[in-house]
Amino acid sequence: MKALTWQGVNRLSVEQVPDPGLLNAQDAIVKVTRTVACGSDLHLLGGYIPFMRAGDVIGHEFLGEVVEVGSEVRTHRVGDRVVVSSFIACGRCWFCRQGLFSACDNGNTNPALTERLWGAAPGGCFGYSHALGGNAGSHAEYVRVPFADVGAFRVPDAVSDERALFASDAAATGWMGADLGGVRPGDVVAVWGAGAVGQMAARAAMLLGAERVVVIDRVPERLALAERHVGCEVLDLTTTSVGAELMEATAGRGVDVAIEAVGMEAHGRGLSAAYDQVKQQLRLQTDRPTAVREAIYNTRKAGTVFVLGVFALAVDKFPLGAVLNKGLTVRGAQMHGQRYIPMLLERMERGELVTEHLATHVLPLDDGPRAYDLFKNKKDGCLRPVLTP
Amino acid sequence: MAAAGLAGLALAGAAAGGLASRAGTVASAGARPDRWHAVTILCAPQDVGSPGAWPQPVAELGDRVDVRVVPAPGDRGTELGLRARAGLRPGESPDAADLEDRIRLALRHTRMLLETGEVLQPDRPGTTRTTLTSLPLRLALRRSQTGGRP
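Note that the structure is predicted; figures quoted are calculated from it, not measured. (Residues numbered from 1 in each chain as written. Chains lettered and ligands numbered in written order. Predicted model: local features only at pLDDT ≥ 70, side-chain atom pairs only at ≥ 80, totals over all residues.)

(A) Region of the structure containing the environment of V155(A). Considering the arrangement of structural elements, one finds V155(A) in the loop between strand 10 (152-154) and helix 5 (161-164). Separated by 74 residues in sequence, V155(A) and R81(A) place their C-alpha atoms 5.8 Å apart. (Helix = DSSP H or I, 4+ residues; strand = E, 2+ residues; numbered from the N terminus.)

Have a look at this one:
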């Protein structure tokens, strides 16, 4: 079959690779019909997640049709149209039973790598390096889905492929940020990052009752999409003082909940951003936490900061003093898709959650390298490129 | 590329360092040869088994290991602990490092079997090819299931 493979830093190519097969009784094989690039893929592309090997198939956010099921698969049949959680979880360990699916004890077949790195291994993920299991990704004609009863969800007939696709990761991640960030009616919420995850976090905050939701970014096209399709307020960090705007918007309190949806390659203004750029390029820190710092600084006393952006290892100049003295709760997680996808599909069916505008470019799988060029370099207003194998 | 590659090597090296050097578990500060390796399994203690009727990954270790089964605190299930028998521990036997690896693998597989009914298989056949810059990662992956925290 054809698949989009990582070949080295900033090098992708479409290659012929072996078809996947059933390896466990709880597996399904899914024929991929839509698969979308995620901002976190850019960290792989840039070499910031150094657990990739040349030839690895990337992609983790997808939708398709079940074409084969293992003997222990109970809820899916051949022909089902399913959206699949990007994180692989067993559904039966203690963490899964708490709804913390991305912390699954049994979903990662390479646990020793991240045990050494982080102290414990998270679950597995499709197409996201050998640190998260070395699973083949979804930018391919077919993909093996372990624990299919747990991670694959039948899409209601009334929900289009284009909409349901984003339940796989972006919408679920965004919802998690608002939910676990504790957004409540009346809150003022700020979201750093107007990518797909940031927009979905903003929409989730609105649906959870936030009084005001402000999305912050530096790309005008993305801010315009957020304003038009999500209905939130926006701030362009290149033309205004984010902190001053947020203080004015909250009458000096600071935001109740800050959601960081940027990650390890953050941009910003001023000394802090320049410092991070230099230090990351000199390899003195692995991640650029510019947006996290700004989120912490602008959150009210006893507020919550939720980190959705992907970080690899360590950051410098983390404002722990602000965390302590303002009494903040700082939380983060890879996404617990299995916890949210059924609810998200229902909301999509009711029209409460629309995602089609996120797919600014739809391309065949053969154009995968071009899709990532558009995406990485933000050409032609690209927010998310969708591939159709 | 060069800079990113260096970062890759550094980060992969952080993970690979401990994995590639099995002796590190013995030599590191605070190492104790009789320390238990353990996992917490979401099931009742009686479901983990009993002497003569352990799950296959534990049974395969035979009389080379001590086995400890105790209820976990709260609602967390059962703690299954394994350690090499006296005389087979690090510093006592030339095969001790290999046995430690087998113990970690047995614990992980036992948890998978008891919680999910099967051992999750990694994707194969692989699609990767060997490159020079992936050497640290390749070394780390050799022990990606058997290594881990001391």
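This is not the end of the story, as more comes after the structure.
(B) A look at the pairing of strand 16 (residues 329-332) of chain A. Residue and element names in this part refer to chain A. Two elements, strand 15 (residues 299-307) and strand 16, share 4 bridges in a ladder whose sense is parallel. In the sheet register, V307 faces strand 16, and the bridge partner there is G332. Assessed by its sense of winding, the connection that carries the chain from strand 15 through helix 12 (residues 320-326) to strand 16 is right-handed. (Pairing = 2+ DSSP bridges. Right-handed = clockwise from strand over helix to strand, strands pointing away.)

(C) Spatial organisation of the sheet that holds strand 15 of chain A. Residue and element names in this part refer to chain A. Read across the sheet, 6 strands follow the order 13-12-11-14-15-16 without closing on themselves; strand pairing throughout is parallel. Looking at which strands have only one partner, the edges of the open sheet turn out to be strand 13 (233-236) and strand 16. Averaged over all neighbouring strand pairs, the angle between strand axes comes to 20°, with direction disregarded. Those strands touched by helix 7 (residues 196-207) are strand 11 (188-192), strand 12 (212-217) and strand 14 (255-260), and its axis lies near 170° from that of strand 12. (Axes fitted to C-alpha atoms, helices over the stretch in contact; angles between N-to-C directions. Contact = placed C-beta atoms within 7 Å.)

(D) Spotlight on the interface of chain B and chain A. Contact residues are listed per partner, giving 46 residues for chain B and 47 residues for chain A. Those elements giving two or more residues to the side of chain B that touches chain A turn out to be helix 1 (2-20), helix 5 (96-116) and helix 6 (135-141) of chain B. Counting residues per element, the side of chain B that touches chain A draws most heavily on helix 1 of chain B, which supplies 14 residues. Partitioning the side of chain B that touches chain A into residue classes produces 20 nonpolar, 17 polar and 9 charged. (Nonpolar A, V, L, I, M, F, W, Y, C, P; charged D, E, K, R; others polar.)

(E) Layout of the confidence of the model for chain B. All names here are of chain B. Looking at chain B, pLDDT values average 85 and 80% of them are 70 or higher. Across residues 1-9 the pLDDT falls below 50, and counting only partners more than four positions away or on other chains, this stretch makes 21 contacts in the model. Confidence estimates for the predicted assembly give a pTM of 0.92 and an ipTM of 0.92. (pLDDT = per-residue confidence, 0-100.)

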